[in-house]
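The chain contents come next:
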Amino acid sequence: MGKEIVITVNDKSFQGELNDTDTASEIGDELPIEASPSFWGEEIYFEIPVNLEENEDPEEELEVGDLAYWPDGNAFCIFYGPTPSSKGSEPRPASPVTVVGRLSGDISGLRDFDRGSAEKVKVELAG
C-alpha cells in the first residue's frame, strides 16, 4: 500500500494515493510540492524536483484518475480525461509515463479548471 496524498488545485482538494513503485517513492520523499500547473487537454502537469531519465514501467494507455511521472519534462501528471493524443475518451500521454498513483473519489471538479483559472497546484501527504 502506498502513501495517501492530497492534491489541491487553487482551493479544491482531491484525494489520492501513490503506489509502491520506486518512482512514486522518490516523489513521496519530495512532498510537499507546489507549482504552477500547465494543461494538455484534460491533463494537468507541472515540473517537480525529481529527475529520472527513464520510465520505471512505461505506459501509454491510461485511465481517468491516473497519476504519472513524465521523465521528458520531469513532471507530475494528473489525467482526468482525454488529451490531444487520445483516440477516444481515455487519457493518453504525449510520450510514455510511469504511473505513480491514482486519484480516488469524485474528480469531476478538475474539469472546472483551465489555463486561465488554475494558478497553483500542491501535492502533499494526507493527514
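To start, this report covers the structure provided alongside it. (Residues numbered from 1 in each chain as written. Predicted model: local features only at pLDDT ≥ 70, side-chain atom pairs only at ≥ 80, totals over all residues. Heavy atoms only, no water.)

**Some words on the pairing of strand β9 (residues 121–125)**
Judged from the 5 bridges that link them, strand β1 (residues 4–9) and β9 form a sheet pairing that is antiparallel. Note on β9: the bridge partner recorded for Thr 8 is Lys 122. (Pairing = 2+ DSSP bridges. Helix = DSSP H or I, 4+ residues; strand = E, 2+ residues; numbered from the N terminus.)

**Let's talk about the sheet that holds strand β6 (residues 66–70)**
Reading across the sheet, the 9 strands line up as β3-β9-β1-β2-β8-β6-β7-β5-β4 and stay open at both edges, with antiparallel pairing between neighbours. A single partner strand is all that each edge strand has here, and the edge strands are β3 (33–35) and β4 (38–39). Judged from the 6 bridges that link them, β1 and strand β2 (residues 12–18) form a sheet pairing that is antiparallel. If you follow Ile 5 over to β2, its bridge partner there is Gly 16. Sheet strands in contact with helix α1 (residues 22–30) are β2, β3, β6, β7 (75–79) and β8 (98–103), and its direction is about 60° off that of β8. (Contact = heavy atoms within 4.5 Å. Axes fitted to C-alpha atoms, helices over the stretch in contact; angles between N-to-C directions.)

**Quick notes on the side chain of Asn 55**
Within the secondary structure, Asn 55 is located in the loop between β5 (43–47) and β6. A polar side-chain atom of Asn 55 sits 3.0 Å from the main-chain carbonyl oxygen of Pro 96. Within the local environment of Asn 55, its side chain forms a polar contact with the side chain of Thr 98, the two groups lying 2.9 Å apart. Look past the residues within four positions of Asn 55 in its chain and what remains in contact with it is Tyr 69, Pro 71, Pro 96, Val 97 and Thr 98. (Polar contact = N/O pair within 3.5 Å; in protein donor to acceptor, adjacent residues only side chain to side chain.)

**Some details on the environment of Phe 14**
Structurally, Phe 14 is set in strand β2. Overall, Phe 14 belongs to the buried group, its relative accessible area being 6%. In this structure the C-alpha to C-alpha distance between Phe 14 and Ser 108, which are 94 residues apart in sequence, comes to 9.9 Å. Discounting chain neighbours no more than four positions away, the residues touching Phe 14 are Ile 5, Val 6, Ile 7, Val 9, Leu 103, Asp 106, Ile 107, Gly 109, Leu 110 and Phe 113. (Buried < 20%, exposed > 50% of the residue type's maximum accessible area, 1.4 Å probe, protein only.)

**Some details on the environment of Arg 111**
One can find Arg 111 in the loop between β8 and β9. Once the C-alpha coordinates of Arg 111 and Tyr 80 are considered, the two residues, 31 residues apart in sequence, prove to be 7.8 Å apart. Not counting residues within four places of it along the chain, the set of residues in contact with Arg 111 comprises Glu 42, Tyr 80 and Gly 81.

**As for α1**
Within the sequence span of α1, burial applies to Thr 23, Ala 24, Ile 27 and Gly 28. Buried positions in α1, seen along its axis, are confined to an arc of 135° and lie on one side of it. Away from its buried face, by an angle of more than 90 degrees, α1 presents the exposed residues Asp 22 and Asp 29. The secondary structure elements touched by the buried residues of α1 are β2, β3, β6, β7 and β8. (Arc of directions from axis to C-beta.)

**Notes on the nonpolar core**
Side chains that are nonpolar tend, in soluble globular proteins, to be buried together. By size, the foremost hydrophobic cluster in this structure holds 29 residues, and its most contacted members are Ile 7, Val 9, Phe 46, Phe 76, Ile 78 and Leu 110. Filtering out sequence-adjacent residues up to four positions away, Ile 7 remains in contact with Lys 12, Ser 13, Phe 14, Leu 67, Phe 76, Ile 78, Leu 103, Val 121, Lys 122 and Val 123. (Core = buried A, V, L, I, M, F, W, Y, C linked by side-chain atoms within 4.5 Å.)

**Some details on the side chain of Asp 66**
For Asp 66, the position within the fold is in strand β6. At a separation of 2.9 Å, a polar atom in the side chain of Asp 66 contacts the main-chain amide nitrogen of Glu 63. Ignoring sequence-local partners within four residues, the contact set of Asp 66 consists of Cys 77, Ile 78, Phe 79, Val 99, Gly 101 and Arg 102.

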